[in-house]
Amino acid sequence: MTPRFTPHPPWAFRTVFLACLISLPLMGLIARDSMDQRQLTVETQQMQHKLQTQQRVLHALREAQHRLMQRMRQQQSSPPVLAMLDGIANALQPQIAIRSVEVDRQQQQVRLLVDASSFDALLAFNQRLETLPAKVLLENHRKTAEQNAPLPVKASIQVNFQQEAEHEAAR
């Protein structure tokens, strides 16, 4: 008697072999797609990192640009004053000491409290200030009561800045 059920039917081996042959390319395609997916994930992470870095740099540049624009606005509003203070500094001589400087940007004027070694030195300083594009006013001056003071003359000078054209027209 031949058993009806054999441990391995002849067609089972061929079917399993054929299924393996068919599934091998599919497994290869799945493995390749999985590797492509990992590669794309890595590239995406690298691009996101570069993008974040560039966004930080862009943010820093915008902040720097904003600070530069603020500084330029301040410089545009104060160049006459800075130029004036530079002119005042150039007019100084060793016989003159500035005790106080008050700057009023809106009215474009500077008020100086100075000490001088003599009235002549004070008048010479005042004349050097008058060469600036400004109106110079010696408000008051007095000699100190202190004996043997190195700078016995105290004075208050107001310097009103004008536009160069106005200054030249006034001369």
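Up top is the structure.
First, a word on what this report is: a plain description of the structure on this page. Remember, it's a predicted structure, so these values are computed and weren't measured experimentally. (Residues numbered from 1 in each chain as written. Predicted model: local features only at pLDDT ≥ 70, side-chain atom pairs only at ≥ 80, totals over all residues. Heavy atoms only, no water.)

Section: the overall build of the protein chain
A count of helical and extended segments in the protein chain gives four helices and four strands. Listing the helices and strands of the protein chain from first to last along the sequence gives α-α-β-β-α-β-β-α. Within the span of the protein chain, comprising 171 residues, buried residues form 19% of the whole. (Helix = DSSP H or I, 4+ residues; strand = E, 2+ residues; numbered from the N terminus. Buried < 20%, exposed > 50% of the residue type's maximum accessible area, 1.4 Å probe, protein only.)

Looking at unusual backbone geometry
One non-glycine residue with positive phi stands out, namely Q108, at about 50 degrees. Relative to the elements of secondary structure, Q108 occurs in the loop between strand 1 (96–104) and strand 2 (109–116).

A closer look at the pairing of strand 2
With six of eight residues buried, strand 2 is to be regarded as a mostly interior element. Strand direction decides the pairing type here: strand 1 and strand 2, joined by eight bridges, are antiparallel. In the sheet register, I98 faces strand 2, and the bridge partner there is V114. In sequence, strand 1 turns back onto strand 2 through a hairpin of four residues, with Q108 there showing a positive phi of about 50 degrees. Where strand 2 and strand 4 (residues 153–161) come together, eight bridges link them in antiparallel fashion. When the bridges of strand 4 are listed, V114 appears paired with A155. (Pairing = 2+ DSSP bridges.)

Section: the pattern of salt bridges
As enumerated under the stated definition, the model contains four salt bridges in all. Between D115 and K154 there is a salt bridge, with its nearest N and O atoms 3.3 Å apart. Taken as a pair, D115 in strand 2 and K154 in strand 4 lie far apart in primary sequence, 39 residues in all. Classification of D115 as buried rests on a relative accessible area of 9%. Residue K154 is classed as buried on the basis of its relative accessible area of 19%. When salt bridges that share partners are traced, they join R99, D115 and K154 into one network. (Salt bridge = Lys/Arg side-chain N within 4 Å of Asp/Glu carboxyl O.)

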